[in-house]
Amino acid sequence: MRILASPRTWVYLAYLLNRLWLDNIAAVPRLRHRGPGSVIEPTATFNQPQNISIGRDCHINRFCCVWAGERATITIGDNGLMGPGVCIFASNHGTRVSSSIREQPFQEEDVVIGNDVWLGAGVVVLPGVSIGDGAVVAAGAVVTKAVAAACVVGGVPARLLKRRSD
């Protein structure tokens, strides 16, 4: 009961509701494109939504982060599926030693995810990556370079595990 009476609890709750509003509820209508039939869970977050395009019949699961840059876009094709906690980044901090990490300029590159792609839970996709149609990325993988169509990749960094076939 003391927790509910604490002003800190109410300040933190207000902060969480504000983030939900800014990063999801207000961001979703500002997406560059959202295809018909796409489902975006309420805890998914977006940065620079005007630079994000989502195809038709996609599912952006709980706690996914889709973060475009000011000059870099994220494009997700049709029939995509993201497990919980997927993070897609089109920008990253630089790493020069001449200035602190917080003062580094952002390095931004477009991210393109093809049609019929499944990103397992906890996948991280880094700037500049393209993932081909029909690819599957195993849970927990970190994708640092291009993934060919109809391939299954996994690991840190992600590497080819097998090719999909009928």
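See the structure above.
The present account deals with the structure reproduced in this document. Residue numbering note: each chain is counted from 1, following its sequence as written. Only residues with pLDDT of at least 70 are given local features in this predicted model, and only at 80 or more are side-chain atom pairs given and counted; all residues enter the totals for whole chains, interfaces and linings. No hydrogens and no water enter the side-chain calculation; it runs on all heavy atoms of the structure.

Only protein chains enter the accessibility calculation, which uses a 1.4 Å probe. A residue is then buried if its area is under 20% of the maximum for its type, exposed if over 50%, and partly exposed in between. Strands are runs of DSSP state E lasting at least two residues, helices are runs of H or I lasting at least four, and both sets are numbered from the N terminus onward. Taking every second residue as pointing to the same face, both faces of strand β18 (residues 151-154) are buried, with Cys151 and Val153 on one and Val152 and Gly154 on the other. Pairing of β18 with strand β19 (residues 159-163) involves 4 bridges; the strand directions are antiparallel. Counterpart to glycine 154 in the pairing with β19 is arginine 159. Strand pairing requires that DSSP identify at least two bridges connecting the strands. In textbook terms, the turn of a hairpin is the stretch between consecutive antiparallel strands, and for β18 and β19 this stretch comprises 4 residues, one of which, glycine 155, has a positive phi near 105°.

Only protein atoms enter the 1 Å grid used here. Points where a 1.4 Å probe fits but cannot escape make up a cavity, open sets with protein on both sides within 12 Å along at least five of seven lines make up a pocket, and a residue lines them when an atom lies within 4 Å of a point. Grid points are joined across faces, edges and corners, and a volume is the space filled by probe spheres set on the points. Of the volumes computed, that of the largest pocket is approximately 220 Å³. Around the largest pocket sit 15 residues that line it, and Asn47, Ala68, Ser91, Asn92 and Phe106 are the ones nearest its centre. Contributing elements (two or more residues each) for the lining of the largest pocket: β10 (91-93) and β11 (106-108). With 3 residues, the top contributor of residues to the lining of the largest pocket is β10. Taken together, the residues of the lining of the largest pocket break down into 6 nonpolar, 6 polar and 3 charged. Under the grouping applied here, Gly and all other residues not named as nonpolar or charged are polar, the nonpolar ones being Ala, Val, Leu, Ile, Met, Phe, Trp, Tyr, Cys and Pro and the charged ones Asp, Glu, Lys and Arg.

Enumeration over the complete set of coordinates arrives at 1 cavity of 30 Å³ or more. Estimates place the volume of the largest cavity at around 40 Å³. Every residue lining the largest cavity is listed: Ile76, Gly80, Leu81, Met82, Ile113, Val117 and Leu119. Residues belonging to the lining of the largest cavity are distributed by class as follows: 6 nonpolar, 1 polar and no charged.

Any Lys or Arg side-chain nitrogen located within 4 Å of an Asp or Glu carboxyl oxygen qualifies as a salt bridge. Per the stated rule, a full pass over the model turns up 4 salt bridges. Between glutamate 108 and arginine 71 there is a salt bridge whose closest N-O contact spans 3.9 Å. One end of the pair, glutamate 108, is in strand β11; the other, arginine 71, is in the loop between β6 (65-67) and β7 (74-76), and 37 residues separate them in sequence.

This brings us to a nonpolar patch on the surface. On the surface, Leu4, Trp10, Leu13 and Leu17 cluster together into a nonpolar patch covering about 420 Å² of accessible area. With 3 residues, the single largest contributor to the nonpolar patch is helix α2 (residues 7-25). Within the secondary structure, leucine 17 sits in helix α2. Residues form patches when they are more than 30% accessible in relative terms and have no salt bridge. Like charges link within 9 Å. Nonpolar side chains (Val, Leu, Ile, Met, Phe, Trp, Tyr) link within 5 Å. Per-residue accessibility takes into account occlusion by the displayed protein chains alone, with areas from the Shrake-Rupley method and a 1.4 Å probe.

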